[in-house]
Amino acid sequence: MIKVGLTGGICSGKSTISSMLKESGFKVIDADEIAKEVLSKYPEILEEVRLTFGGTFFDWRGEFRRREFGNHIFRFQKERLKYEAIIMPYIKKEIDEAFKVHEKNGEQLVVLDGATLIENGYHKELDMMVLVWVTLQVQIERLKFRDKLTQNEAVNRINAQWSLEKKKEFVNLVIDNSNNIIKTKEQVDDFIELLNLYKK
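These notes cover the structure that comes with them. (Residues numbered from 1 in each chain as written. Predicted model: local features only at pLDDT ≥ 70, side-chain atom pairs only at ≥ 80, totals over all residues. Heavy atoms only, no water.)

**Considerations on the overall build of the protein chain**
Here is step 1: Secondary structure assignment for the protein chain yields nine helices and five strands.
Here is step 2: Along the protein chain, helices and strands appear, N-terminal first, in the series β-α-β-α-α-α-α-β-β-α-α-α-β-α.
Here is step 3: Radius of gyration (C-alpha) of the protein chain: 18 Å, near the 16 Å computed for a compact globule of 200 residues.
Here is step 4: Its C-alpha atoms give the protein chain principal-axis dimensions of about 55 × 40 × 30 Å.
Here is step 5: Of all 200 residues assigned to the protein chain, the portion counted as buried reaches 43%. (Helix = DSSP H or I, 4+ residues; strand = E, 2+ residues; numbered from the N terminus. Rg over C-alpha atoms; globule rule 2.2 N^0.38 Å. Buried < 20%, exposed > 50% of the residue type's maximum accessible area, 1.4 Å probe, protein only.)

Rendered as structure tokens:
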């Protein structure tokens, strides 16, 4: 089974490309969804977060204050790395399980959609890497609009990940999503033709 990585940065439009691939019949594993699901599936993650970062990021009911915690770890790189050291083993475990299920079901090619595949070294386990790229200014404006963030909050979140320029060094193909959806769709259609060749 061929494993294809689809990556990008925050608000580069990776989810849009992922949806197009799903509509074309490709199986897609969403690493970002898995990252949310593991918090519910493995309560020990949040227990470790409380021990490591204190109770500040939990409200009076014990609910995790996800946005406040996100702002904190994206502002301080060492804090983000501490959090990733806690959660990443669980995410990787669930991704590996998802791949096994698809392989057992006879899938010839599966796409893994994840923002930090390269940063976390998971790209080394994949057969092909594709980057969804946009200009930095487009990325900032989209993130401010989507998450109602200030300029500084948006820049901090983008800077917490590798730049899209740096990620280009690790990929086989780049989809430029800076323009309109029609131009993006043309590139995705070409990419789908390529994937279909691999499936044959």
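So, next bit.
**Focus: the environment of Gly121**
Here is step 1: Structurally, Gly121 is set in the loop between strand S3 (109–113) and strand S4 (128–133).
Here is step 2: The class for Gly121 is partly exposed, based on a relative accessible area of 22%.

**Focus: the packing of aromatic side chains**
Here is step 1: A complete count under the given rule lists seven aromatic pairs for this structure.
Here is step 2: Judged by centre distance (5.1 Å) and plane angle (80°), the rings of Phe53 and Phe69 are edge-to-face. Taken together, the residues span a long stretch of sequence, with Phe53 in helix H3 (residues 44–53) and Phe69 in helix H4 (residues 66–75) at a distance of 16 residues.
Here is step 3: Given a relative accessible area of 12%, Phe53 falls into the buried group.
Here is step 4: Phe69 gets classed as buried once you look at its relative accessible area, which sits at 2%.
Here is step 5: When the centroid spacing of 5.0 Å and the interplanar angle of 75° are considered together, the rings of Phe69 and Tyr83 count as edge-to-face. Remark: Tyr83 occurs in helix H5 (residues 77–104) and Phe69 occurs in helix H4; sequence separation between them is 14 residues.
Here is step 6: Each residue in the set Phe53, Phe57, Phe58, Phe64, Phe69 and Tyr83 is aromatic and connected to the rest through ring pairs, giving one cluster.
Here is step 7: Its end group placed over the ring of Phe58, Arg50 keeps NZ or CZ at 4.1 Å from the ring centre. (Phe/Tyr/Trp six-rings, centres within 6.5 Å; stacked < 30°, edge-to-face > 60°. Lys NZ or Arg CZ within 6 Å of the ring centre and 35° of its normal.)

**Some points on unusual backbone geometry**
Here is step 1: Residues other than glycine seldom take positive phi values, yet Cys11 does so here, at roughly 60°.
Here is step 2: Relative to the elements of secondary structure, Cys11 occurs in the loop between strand S1 (2–7) and helix H1 (14–23).
Here is step 3: Relative accessible area serves as the criterion here: at 12%, Cys11 is assigned to the buried category.

**Describing the pairing of S1**
Here is step 1: By the bridge criterion, five bridges tie S1 to S3 in an arrangement that is parallel. When the sheet's bridge partners are listed, Lys3 is paired in S3 with Val110.
Here is step 2: Bridge count between S1 and S4: four bridges; the pairing is parallel. Across the sheet, the residue bridging to Thr7 is Leu131, located in S4. (Pairing = 2+ DSSP bridges.)

**A short note on the sheet that holds S4**
Here is step 1: The five strands lie next to each other as S2-S3-S1-S4-S5, forming an open sheet whose pairing is parallel. On the outer flanks of this sheet lie strand S2 (27–30) and strand S5 (173–176), each paired with one strand and no other. With strand direction ignored, the average angle separating the axes of adjacent strands in the sheet is 25°.
Here is step 2: Sheet topology note: the S2/S3 ladder contains four bridges and is parallel. Within S3, the residue paired with Val28 across the bridge is Val111.
Here is step 3: Sheet strands in contact with helix H2 (residues 31–41) are S2 and S3, and its direction is about 45° off that of S2.
Here is step 4: Lying on the sheet, H5 is in contact with S1, S2 and S3; it crosses S2 at an angle near 165°. (Axes fitted to C-alpha atoms, helices over the stretch in contact; angles between N-to-C directions. Contact = heavy atoms within 4.5 Å.)

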